Amino acid sequence: LPGWRRHNLTYRIVNYTPDMSRADVDEAIRNGLEVWSRVTPLTFTKTSRGIADIMIAFRTRVHGRCPRYFDGPLGVLGHAFPPGLGLGGDTHFDEDENWTKDGAGFNLFLVAAHEFGHALGLSHSNDQTALMFPNYVSLDPNKYPLSQDDINGIQSIYG
Ligand SMILES: CC(C)C[C@H](C(=O)NO)C(=O)N[C@@H](CC(N)=O)C(=O)NCc1cccc(N)c1
Ligand SMILES: [Ca+2]
Ligand SMILES: [Zn+2]
């Protein structure tokens, strides 16, 4: 099955980027998840310790037991693992990027919303307007980032 069977999921921000305030990181992550909870029956509860379904961390290069590596500034910005136990759902951001809450560098909210699409079971879309399009397009972060393609995709998994 491509999606989570449980709809009440937990997430934990394991570490924070020095590029932004903790409050701004918490906000960007919460909003990135809310993009998807608004169009599905999914709920996301933040935990500050132990193992959560979606473990979120800022990492560089080779990191921990993660099978994927980061590549320094630019290029790959983040990666997330599809639903499942263990690494499933876990989402990593490349700490070698400049993470911001506005238009400079890379907007954490936008990249997080994209990565969480993967963590919920979506793969890339070839629709240029889709959040799940492979390449970062710096949208106005206040603009609603989901396209109809994204909504069709997530609702085909979570109904
Ligand atoms: C092969 C993958 C590990 C690439 C990686 C990705 O898609 N992660 O989900 C990634 O970071 N892709 C870059 C590609 C790039 N540097 O343009 C990206 O911006 N993905 C995140 C993203 C953020 C917001 C919107 C969109 N459409 C894509
Ligand atoms: Ca990178
Ligand atoms: Zn992606």
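(A) Quick peek at the coordination of the zinc ion (ligand 3). For the zinc ion (ligand 3), the protein coordination sphere consists of His 114 (NE2), His 118 (NE2) and His 124 (NE2), at 2.1 Å. Within one chain, the residues donating to the zinc ion (ligand 3) are spaced in sequence as H-x3-H-x5-H. Given the relative accessible area of 43%, His 124 is considered partly exposed.

(B) Structural detail: the coordination of the calcium ion (ligand 2). For the calcium ion (ligand 2), the full set of protein donor atoms is Asp 71 (OD), Gly 72 (O), Leu 74 (O), Val 76 (O), Asp 94 (OD) and Glu 97 (OE), at a range of 2.2 to 2.3 Å. Taken together, the six donor atoms coordinating the calcium ion (ligand 2) and their angles of 85 to 177° define a geometry best described as octahedral. For the calcium ion (ligand 2), the donor residues sit on a single chain with the sequence spacing D-G-x1-L-x1-V-x17-D-x2-E.

(C) Layout of the pairing of strand E1 (residues 8–13). Strand direction decides the pairing type here: E1 and strand E2 (residues 43–46), joined by four bridges, are parallel. Opposite Leu 9, over in E2, you have Phe 44 as the bridge partner. Bridge count for E1 against strand E3 (residues 54–59) is three bridges, and the pairing is parallel. Looking at E3, one finds that Tyr 11 is bridged to Ile 54.

Cut-offs applied
Residues numbered from 1 in each chain as written. Chains lettered and ligands numbered in written order. Predicted model: local features only at pLDDT ≥ 70, side-chain atom pairs only at ≥ 80, totals over all residues. Heavy atoms only, no water. Donors = N, O, S within 2.8 Å, 3.2 Å for Na, K, Ca; no water. Buried < 20%, exposed > 50% of the residue type's maximum accessible area, 1.4 Å probe, protein only. Tetrahedral: all angles 85-135°; square planar, octahedral: opposite > 155°, others 65-115°. Pairing = 2+ DSSP bridges. Helix = DSSP H or I, 4+ residues; strand = E, 2+ residues; numbered from the N terminus.

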